Amino acid sequence: MTDAANPLLTPSALPYALPDYAAIRPEHYLPAFRAAFDEHRAEIAAITRVRSMPTFGNTMVPLEQAGAMLERVAHAFYTVSSADATTEIQEIDEQLAPLMAAHEDAIRLDAQLYWRVKTLHDQLDALGLDAESRYLVERHFREMTHAGAGLDDDAKARLTALNQKISTLTTTFEKNLLADTNDLAVHFETADELDGLAAGELSAAARAATDRGHDSGFLITLPLFTGHPYLASLTNRESRRRIMEASRSRAVRGTANDNRTVLTEIAALRAERAALLGHDSHAAYVTADETAGSPDAVADLLKRLAPAAASNARAEQAALQAIIDETEAEPFALEAHDWAFYTEKVRAAQYDIDTAALRPWFEAERVLQDGVFFAATQLYGVTFAERSDLVAYHPGARVFEVFNPGGSALGLYVLDLYTRDAKRGGAWMNPIVSQSALRGTAPVVVNNLNVAQPGDGEPTLLTLDEVTTLFHEFGHALHGLFATVNYPHFAGTNVFRDFVEFPSQVNEMWILWAEVLDNYARHFETGEPLDAVIVERLRATETFNQGHDTSEYLAAAWLDQAWHRLGASDTVTDVAAFEAEALAEIGLDNPAVPTRYSSTYFAHVFSGGYSAGYYSYIWSEVLDADTVEWFRENGGLTRENGDRFRARLLGVGGSKDPLEAYRDFRGRDAEIAPLLKRRGLG
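Note that this is a predicted model, so its numbers are computed, not measured.

Thoughts on the overall build of the chain
Each helix and strand counted, the chain has 25 helices and seven strands in total. The C-alpha atoms of the chain give a radius of gyration of 25 Å, which matches the 26 Å a tight globule of 682 residues would have. When the 682 residues of the chain are sorted by exposure, 56% land in the buried category. Counted over contacts in the chain with a minimum sequence separation of 6, partners at least 24 positions apart contribute 75%. With the model as given, the accessible surface of the chain reaches about 26,900 Å², and the carbon-plus-sulfur share is 49%. Distance from the positive charge centre (59 side chains) to the negative charge centre (99 side chains) of the chain: 4 Å.

Overview of helix H22 (residues 616-633)
For H22, which comprises 18 residues, the first-to-last C-alpha distance of 26 Å matches the rise-based estimate of 26 Å (1.5 Å per residue) to within 8%. At Val622, H22 shows its strongest bend, of approximately 30°. Most of H22 is tucked away: 14 of the 18 residues are buried. Positive backbone phi, at 100°, marks Gly635, one or two positions downstream of H22.

Quick notes on the packing of helix H14 (residues 364-380) against helix H23 (residues 639-648)
When two helices pack together, their arrangement is captured by the angle between the axes and the distance separating the axes. Relative orientation of the contacting elements H14 and H23 amounts to 90°, with a least axis distance of 6 Å. Viewed along their axes, H14 and H23 adopt a mutual orientation that is roughly perpendicular. Touching Thr377, Gln378, Leu379 and Tyr380 of H14 are Arg639, Gly642, Asp643, Phe645 and Arg646, all from H23. Here the residues of the contact of H14 with H23 sort into three nonpolar, three polar and three charged.

Things to note about the side chain of Arg666
Mapped onto the elements of the fold, Arg666 is located in helix H24 (residues 658-666). Looking at Arg666, its side chain comes within polar contact range of the side chain of Asp626, at 3.1 Å. Other than its neighbours up to four places away in sequence, Arg666 contacts Asp626, Glu629, Trp630 and Glu633.

As for the pattern of salt bridges
Between side chains of opposite charge, pairing is possible as soon as their charged atoms come close. Evaluation of the coordinates by the stated rule reveals 48 salt bridges. In this structure, Lys175 engages Glu94 in a salt bridge whose closest nitrogen and oxygen atoms are separated by 3.1 Å. Of this pair, Lys175 sits in helix H7 (residues 153-183) while Glu94 sits in helix H4 (residues 87-108), and the two are 81 residues apart along the sequence. Assessed through its relative accessible area of 29%, Glu94 is described here as partly exposed. Notably, a salt bridge pairs Asp289 with Arg142, separated by 3.2 Å at the nearest N-O pair.

Overview of the environment of Glu27
Mapped onto the fold, Glu27 is located in helix H1 (residues 26-48). Take Glu27: its relative accessible area is 44%, and that puts it in the partly exposed class. Glu27 sits 62 residues away from Ile89 along the chain, and the two C-alpha atoms are 9.2 Å apart.

What about the sheet that holds strand S6 (residues 428-433)?
The strand order S3-S4-S5-S7-S6 describes an open sheet built from five strands, whose pairing is mixed. With one partner strand each, in any of the chains shown, strand S3 (383-386) and S6 form the two edges of the open sheet. Between one strand axis and the next, the sheet turns through 30° on average, direction left out of account. Where strand S5 (residues 409-418) and strand S7 (residues 444-451) come together, six bridges link them in parallel fashion. From the neighbouring strand, Leu412 faces S7, where its bridge partner is Val444.

Regarding the nonpolar core
With 141 residues, the main nonpolar core has Tyr413, Trp510, Tyr520 and Trp563 as its most contacted residues. Among the elements that line this core, the one with the most residues is H14, at 10 residues. With 36 residues, the next largest nonpolar core counts Ala32, Ala76, Ala83 and Val433 among its residues.

Focus on the packing of H14 against helix H15 (residues 464-482)
Packing of H14 against H15 brings their axes to within 11 Å, and their N-to-C directions diverge by 40°. Relative to H15, H14 is oriented oblique. As H14 packs across H15, the resulting crossing turns out to be right-handed. Taken together, the residues of H15 that come into contact with H14 (itself represented by Val367, Leu368, Gly371, Val372, Phe373, Ala376 and Tyr380) are Val467, Leu470, Phe471, Phe474, Leu478 and Phe482. Classifying every residue of the contact of H14 with H15 by side-chain character gives 12 nonpolar, one polar and no charged.

Comments concerning the pairing of S6
Successive residues of a regular strand alternate their side chains across the two faces of the sheet. Among the six residues in S6, five count as buried, and that is most of the element. Bridge count for S6 against S7 is five bridges, and the pairing is antiparallel. Within S7, the residue paired with Val433 across the bridge is Val444.

Here's the deal with the packing of aromatic side chains
Following the criterion strictly, the structure yields 44 aromatic pairs and no others. Considering the side-chain rings of Phe33 and Phe37, the 6.0 Å spacing of their centres and the 40° angle between planes classify their relative orientation as tilted. Of this pair, Phe33 and Phe37 both sit in helix H1, four residues apart, roughly one helical turn. Under the relative-accessibility criterion, Phe37 is labelled buried at 6%. Judged by centre distance (6.0 Å) and plane angle (80°), the ring pair of Phe373 and Tyr413 falls under edge-to-face. Highlighted residues: Phe373 in helix H14 and Tyr413 in strand S5, separated in sequence by 40 residues. A relative accessible area of 3% means that Phe373 is categorised as buried. Owing to a relative accessible area of 0%, Tyr413 belongs among the buried residues under this scheme. Put simply, the rings of Phe499, Phe502, Trp510, Trp513, Trp630, Phe631, Phe645, Tyr662 and Phe665 pair up and form one aromatic cluster. The ring of Tyr610 has Arg497 lying over it, and the distance from NZ or CZ to the ring centre is 4.2 Å.

Overview of the environment of Val73
As for its placement among the helices and strands, Val73 is situated in helix H3 (residues 68-83). It is 9.7 Å that separates the C-alpha atoms of Val73 and Thr10, two residues lying 63 residues apart in sequence. In this view, Val73 contacts Leu8, Tyr29, Ala32 and Phe33; residues no more than four positions away in its chain are not counted.

Considerations on unusual backbone geometry
Despite not being glycine, Ala17 has its phi angle at roughly 60°, a positive value. Relative to the assigned elements, Ala17 resides in the segment before H1. With a relative accessible area of 30%, Ala17 lands in the partly exposed category. Even without being a glycine, Asn545 presents a positive backbone phi close to 65°. Its place among the elements puts Asn545 in the loop between helix H18 (532-540) and helix H19 (546-564). Judged by its relative accessible area of 10%, Asn545 is buried.

The rules behind these values
- Sequence order as written defines the numbering, with residues in each chain counted from 1.
- This being a predicted model, a pLDDT of at least 70 is required before a residue's local features are given, and a value of 80 or more before pairs of side-chain atoms are given or counted; all residues contribute to the totals for chains, interfaces and linings.
- By convention in this description, side-chain values take in all heavy atoms of the structure and omit both hydrogens and water.
- Helix and strand definitions here come from DSSP, where helices need a minimum of 4 consecutive H or I residues and strands a minimum of 2 consecutive E residues; each element is numbered from the N-terminal end.
- Computation of the radius of gyration draws on C-alpha atoms alone. For the globule rule, the value is 2.2 Å times the number of residues to the power 0.38.
- Burial classes follow relative accessibility: with a 1.4 Å probe on protein chains only, a residue under 20% of its type's maximum area counts as buried, one over 50% as exposed, and anything between as partly exposed.
- Only heavy atoms enter the contact rule, under which two residues are in contact if any of them lie within 4.5 Å.
- Residue burial considers only the protein chains on display, and all accessible areas are found by Shrake-Rupley using a 1.4 Å probe.
- A residue counts as positive if it is Lys or Arg and as negative if it is Asp or Glu; His and the chain ends are not included.
- Charged side chains are reduced to one point each, which is NZ for Lys, CZ for Arg, CG for Asp and CD for Glu.
- A helix is expected to reach a length of 1.5 Å times the quantity of its residues less one.
- The term bend refers to the angle at a residue between two fitted axes, each drawn through seven residues, those ending there and those starting there.
- Throughout, an axis means a line fitted to C-alpha atoms (over the contacting stretch in the case of helices), and angles, computed between N-to-C directions, take values from 0 to 180 degrees.
- Under this scheme an angle from 65 to 115 degrees is roughly perpendicular, one under 35 degrees roughly parallel, and one over 145 degrees roughly antiparallel; angles in between are oblique.
- Residue polarity is assigned by list, with Asp, Glu, Lys and Arg as charged and Ala, Val, Leu, Ile, Met, Phe, Trp, Tyr, Cys and Pro as nonpolar; anything else, Gly included, falls into the polar class.
- Polar contact is defined as a pair of N or O atoms within 3.5 Å, subject to the rule that within protein one atom must be able to donate a hydrogen and the other to accept it, and that residues adjacent in sequence are counted only when both atoms are side-chain atoms.
- For this document, the term salt bridge refers to a Lys or Arg side-chain nitrogen within 4 Å of an Asp or Glu carboxyl oxygen.
- Strand pairing requires that DSSP identify at least two bridges connecting the strands.
- Only buried residues count toward a nonpolar core. Its members are Ala, Val, Leu, Ile, Met, Phe, Trp, Tyr and Cys residues joined through side-chain atoms within 4.5 Å.
- Should the near helix be turned anticlockwise from the far one by less than a right angle, the crossing is left-handed, and should it be turned clockwise, the crossing is right-handed.
- Two rings from Phe, Tyr or Trp (for Trp, the six-membered ring) form a pair when their centres are within 6.5 Å of each other. A pair whose planes differ by under 30 degrees is stacked, one over 60 is edge-to-face, and the rest are tilted.
- Counted as over-ring charges are cases with an Arg CZ or a Lys NZ within 6 Å of the ring centre that also lie within 35 degrees of the ring normal.

Okay, here's the thing in structure tokens:
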């Protein structure tokens, strides 16, 4: 293949340098990566060959300019490998994993480059740098040291081997999980078995069955987390049991897709790597360069919240059992697959709300345009225009141009709403192009969700949870769009892992905000607004079922910590026993409230970027809840408030210590009381 035949080897000529996905073929990726690796290494060699003493101009500036091609190729590929992972793309991903790990180590462990950065760091006060440039030196030095750049050559060789092996295994974990999740989709022959689902949900299940090659029936695909949205509606207990059983069986059935050996090896290798880098555990290694600072700080927060959450969950369980005892002709003991169904009965009894019946008011396009986009326009003055002329990586992904107040161009936003077999589970945001004044690039970001797609011509009606997910992920997108930095190292959401969820969680506050809700929550057929009485009841239920929801989350966060607090000499031979012991340790071992993710399908920590960091959601929620209080105290959805939040938090990206940025915005450190109140724990 000639260079001219590979569209990845030259910058895209499309608006905002959107990759030319219409021209990119799978066979283009590996040659492009190899060329990008070569170019990046040559750029670093040019820096380290300089004979004069290090200066910011001859070291840090070219370091930030280096790797532009690699970033371009990597963003294009990893967007596809997560959202449209065909067999061919998965094979490329497996080949690429060790190559990428080796290349990253070759750069961040380069002794000559590290010497130059360290020399600058040692004389930082004398350099006369602006704040962002000074922080750039600090972060590069800290990150290279943390990665092992100060190790001797033998230790670096072992470290590189560990990183390559871990990278390969995490890719295997994700591949196994995707395959087993698809295999375990539950097929039902008749609509009676799915009694309780709405017409649109049945239509989506019928479409999924047809797409998978079934002649008839309905296929219920599985989300990433343990439960399933349909468990709240299905009247057939056996159907609920089958779905929950399938979900909890993922990658643990002894098939070729079993992840138990994979994940124990990942945990062991991470522990060995941490020891090599001078830490007691992978959790200690990770948190040392996060705002938490240590696993003990994480454990203190989780242990503070767990007892009250578990107690609230037991009280909720008793209320559900009472409903069963009173209403069922043959009462039975509540099990995990019953929780959501009877929770809705309790909600209806206490608050007169049927959340499933709200779906006609949450038509997806209206939620997007008149909810998500509307809130952003009101708060930040930005506007959106769909660009049907721009082709994304999949026909289902839509492209929108985003404009600043006054009409100046800001970037592109891509939305990929629907589930498909080639898309990994869950929901996420990632950059396709990162903003940088130094490189002259503007942001292109994508949101992926996994909403079931109804039949042709039928409306997509979202659950309240799906509405929440869309607002949440769009909060990440705003962070990626608004961050305005000089250096690509600080672009978008390149912030500490236990801070990155903060902006996305804040954006959830607008879901039930009166002027936003009234604008988007309209019946898809009649246009009638959601009844004001129902809205007030929804607000009244904000702490409802929080014992369960907080417990399942904390259980997963603790499980993540348990795996990653292991030392290099610790071994685990029985995954199920290890899980049980870990959950019992913190008092979250209630069988009726299973962990949100069990180990074999805990993609966040065994194939994503949240290893020893799943606590980040609740850690960030301390800031989030405190910020929501600030908005309420200062007039809510106003341009003045939005401009302050954008300028002092979202706009700085990673160019400033995040807690310093928070203090600049809030005027003080965050307080935990609003979180405890929100979660019903205080």
